[in-house]
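# Inside the fold
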Amino acid sequence: MGGSQSSTTEQPKKAPEPPATMNMSGINEKTFIMVKPDGVQRGIAGEIMARFEKKGFTSCGAKLVHASKSFAEQHYIDLAKKPFYGGLTTFLSSGPVFAMCWKGKGVVKTGRKMLGTTNPKDSAPGTIRGDYSIDIGRNICHGSDSVESAENELNLWFPEGIIDGFAPSRLQHVYEN
Ligand code: IDP
Ligand code: MG
């Protein structure tokens with residue numbers, strides 16, 4: 001006796017499941033919206049969430065995160081060469097942010113319109129930045145600028161995954177078909 005035996009009870013190995021990919025088109029399009037530390041400090045996070053809810057988009061995830069400086073640098077890596085990158089990433093990591101995933105038809109582009117232009121001095125009244133901010137470095141919110149960057153940002157901020165299978169019953173009153 002003794003020694004290693006090959007087990008006869010071992011289950012045949014299943015082919016690995018393909019990695020879960022986010023469905024990022026049609027009414028399943030998703031975007032990453034974030035209330036930056038200024039918006040959280042000023043108590044505007046709930047208002048921003050409410051605007052996306054009232055528009056008809058579906059929440060797929062929401063949480064407060066206090067990002068580290070290096071995490072903030074990763075988020076804004078495309079801006080690494082800009083002179084304001086240091087200040088921007090120090091600011092983003094200065095306090096909690098409210099990170100959200102929103103889903104719906106055209107949500108990336110419409111989400112950006114709802115935020116308003118980057119510089120609040122040009123943001124139309126009625127947009128979030130137009131209504132609640134003045135300085136470009138304190139424009140209170142972030143929104144993905146393309147479906148591709150949304151997917152990257154959601155993977156960065158929600159490594160645990162999002163709630164993707166939820167289709168609220170109200171959708172029949174949001175979409176005509
Ligand atoms: P976005 O947030 O509208 O996508 P980006 O060009 O991606 O704009 O810039 C990211 C953030 O960096 C902006 O939201 C803003 O807070 C900040 N930012 C952009 N340009 C400037 C600038 O010229 N000076 C200071 N901060 C800036
Ligand atoms: Mg941007």
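These lines cover the structure that appears in this document, whether it is placed above or below. Computed from a predicted model, the values in this text were never measured in an experiment.

So, on to the pairing of strand β1 (residues 30-35). The element β1 is largely enclosed, with a buried count of six among its six residues. Burial of the side chains of β1 extends over both faces: Lys30, Phe32 and Met34 are buried on one face and Thr31, Ile33 and Val35 on the other. Strand direction decides the pairing type here: β1 and strand β3 (residues 97-103), joined by six bridges, are antiparallel. Looking at the pairing, Val35 lines up with Phe98 of β3. Here β1 runs beside strand β4 (residues 141-143); their pairing, made up of three bridges, is antiparallel. Directly across from Val35, in β4, lies its bridge partner Cys141.

Attention shifts here to the pattern of salt bridges. Inspection of every chain in the model, using the stated rule, returns six salt bridges. One salt bridge connects Arg51 with Glu47, and the closest N-O pair in it is separated by 2.9 Å. You can see Arg51 and its partner Glu47 sitting in helix α2 (residues 45-55), four residues apart, about one turn around the helix. Overall, the relative accessible area of 30% leaves Glu47 in the partly exposed class. For Asp131, the salt bridge identified is with Arg51, shortest N-O distance 2.9 Å. With Asp131 in helix α6 (residues 128-132) and Arg51 in helix α2, this pair connects stretches of sequence that are 80 residues apart. The class of Asp131 is partly exposed, set by a relative accessible area of 37%. It is possible to trace a salt-bridge network through shared partners that takes in Lys30, Lys103 and Asp164.

Here four strands make up an open sheet; going across it, the order is β2-β3-β1-β4 and the pairing antiparallel. With partners counted over all chains shown, the strands left at the sheet margins are β2 (58-65) and β4, one partner each. Within this sheet the neighbouring strands show an average axis-to-axis angle of 15°, counted without direction. Along the sheet, helix α7 (residues 147-157) contacts β1, β2, β3 and β4; its crossing angle with β1, the most-contacted strand, is approximately 55°.

What counts as what
- Residues numbered from 1 in each chain as written.
- Chains lettered and ligands numbered in written order.
- Predicted model: local features only at pLDDT ≥ 70, side-chain atom pairs only at ≥ 80, totals over all residues.
- Heavy atoms only, no water.
- Buried < 20%, exposed > 50% of the residue type's maximum accessible area, 1.4 Å probe, protein only.
- Helix = DSSP H or I, 4+ residues; strand = E, 2+ residues; numbered from the N terminus.
- Pairing = 2+ DSSP bridges.
- Salt bridge = Lys/Arg side-chain N within 4 Å of Asp/Glu carboxyl O.
- Axes fitted to C-alpha atoms, helices over the stretch in contact; angles between N-to-C directions.
- Contact = heavy atoms within 4.5 Å.

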